[in-house]
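Structural description and commentary
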Amino acid sequence: VLPVDVSYEKLSKRSFIHDDVLLPGLIREEVDIVICIDASGSISDEEYAMFVGEAENIVRNFTNIKARFIVFDAEVQKVLEGASKQEVLEAIRKLKARRGYGGTVFSEAFRYINKKYADAKAIIFFTDGYPYEEDWGYSVWKETSIPIIFVITDKKKIPPFGVYIHFSSPTS
């Protein structure tokens, strides 16, 4: 949970320890993210399971989270979302049934995000880094320019935009 500000509208629990001290409570910002999971043919079932597990780890680290999940290959295969932590965790359970196995077309996921989730605060892409015809979808992404993190299993691949993290997979 990210503290953004303090307010006396909701007092801190510590205010009740001492009768003569009133402490402001924290106003917490909702974490609002889109997590995209590459389900193309170049992704092994082990990598896919690892991507879903890492998405779950992200969710479990926040108290106030709104998350949308997009499973994609050459097209958007599955979309799940949750407005509360419990709903998000339930959506993750449904992600475990894999669909896809086509090519990787990032622009299809970006088009969906631009249409449905342009208000998101961040996008996280789990991928091996092998887009179809090396098109990372920049021309579609720049329409909203939502901050993006690519989590890539192939250490040789570097996206042409956004922030990236190389991540070890069971097959690398």
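The paragraphs below set out a description of the structure included in this document. (Residues numbered from 1 in each chain as written. Predicted model: local features only at pLDDT ≥ 70, side-chain atom pairs only at ≥ 80, totals over all residues. Heavy atoms only, no water.)

Some points on the packing of helix α1 (residues 45–60) against helix α2 (residues 85–95)
Where α1 contacts α2, the two axes come as close as 10 Å, and the packing angle between them is 175°. With respect to α2, the axis of α1 lies roughly antiparallel. Within the contact between the two elements, α1 uses Tyr48, Val52, Ala55, Glu56, Val59 and Arg60 and α2 uses Lys85, Val88, Leu89, Ile92 and Leu95. (Axes fitted to C-alpha atoms, helices over the stretch in contact; angles between N-to-C directions. Helix = DSSP H or I, 4+ residues; strand = E, 2+ residues; numbered from the N terminus. Parallel < 35°, antiparallel > 145°, perpendicular 65-115°, else oblique. Contact = heavy atoms within 4.5 Å.)

Focus on the sheet that holds strand β5 (residues 76–82)
Strand order in the open sheet made by the six strands is β5-β4-β3-β6-β7-β8, with mixed pairing throughout. Only two strands of the sheet have a single neighbouring strand rather than two, namely β5 and β8 (163–166). On average, each strand axis in the sheet is tilted by 15° relative to the strand beside it, whichever way the strands run. With four bridges connecting them, strand β7 (residues 148–152) and β8 associate as parallel partners. The residue of β8 that forms the bridge with Val151 is Ile165. (Pairing = 2+ DSSP bridges.)

Some details on the pairing of strand β4 (residues 65–72)
With seven of eight residues buried, β4 lies mostly within the body of the structure. Relative to β4, strand β3 (residues 31–38) runs parallel, the two being bridged by eight bridges. Among the inter-strand pairings, Ile33 is bridged to a residue of β4, identified as Ala67. You can see the chain leave β3, run along α1 and come back into β4, and the turn it takes is right-handed. (Buried < 20%, exposed > 50% of the residue type's maximum accessible area, 1.4 Å probe, protein only. Right-handed = clockwise from strand over helix to strand, strands pointing away.)

Re the nonpolar core
Among the nonpolar cores identified, the biggest contains 26 residues, and Phe69, Leu95 and Phe126 are the most heavily contacted of them. Elements that contribute at least two residues to this core include exactly β3, α1, β4, α2 and β6 (122–127). Ranked by the residues each element gives to this core, the list is headed by α1, at seven residues. The contact partners of Leu95, leaving out residues within four places of it in the chain, are Ile37, Tyr48, Val52, Phe69, Val71, Lys78 and Leu80. Grouped together as the second largest cluster of nonpolar side chains are 20 residues, Phe110, Trp136, Ile148 and Phe161 included. (Core = buried A, V, L, I, M, F, W, Y, C linked by side-chain atoms within 4.5 Å.)

Regarding the environment of Ala74
Residue placement: Ala74 occurs in the loop between β4 and β5. Residues Ala74 and Glu108 lie 34 residues apart in sequence; the distance between their C-alpha atoms is 7.1 Å. What Ala74 contacts, discounting residues up to four positions off in sequence, is Gly103, Val105 and Glu108.

Here we look at the pairing of β5
One ladder, built from six bridges, connects β4 with β5; its direction is antiparallel. Each residue of the ladder has a partner; that of Val71, found in β5, is Lys78. Taking the residues that link successive antiparallel strands as the turn, the β4-β5 hairpin has three residues.

Some remarks on unusual backbone geometry
One non-glycine residue, Glu134, lies in positive phi territory at about 55°. Despite not being glycine, Ser145 shows a phi value in the positive range, around 55°. Tracing the backbone shows Ser145 in the loop between α4 (138–141) and β7.

Some thoughts on the side chain of Asp73
Tracing the chain through its elements places Asp73 in the loop between β4 and β5. For the buried Asp73, which has no salt bridge, the nearest side chain bearing the opposite charge is Arg98, at an N-O separation of 7.5 Å. A distance of 3.3 Å separates a polar side-chain atom of Asp73 from the backbone nitrogen of Tyr101. Engagement of the side chain of Asp73 in a polar contact is seen with the backbone nitrogen of Gly102, the distance being 2.8 Å. (Lys, Arg positive; Asp, Glu negative; His and termini not counted. Salt bridge = Lys/Arg side-chain N within 4 Å of Asp/Glu carboxyl O. Polar contact = N/O pair within 3.5 Å; in protein donor to acceptor, adjacent residues only side chain to side chain.)

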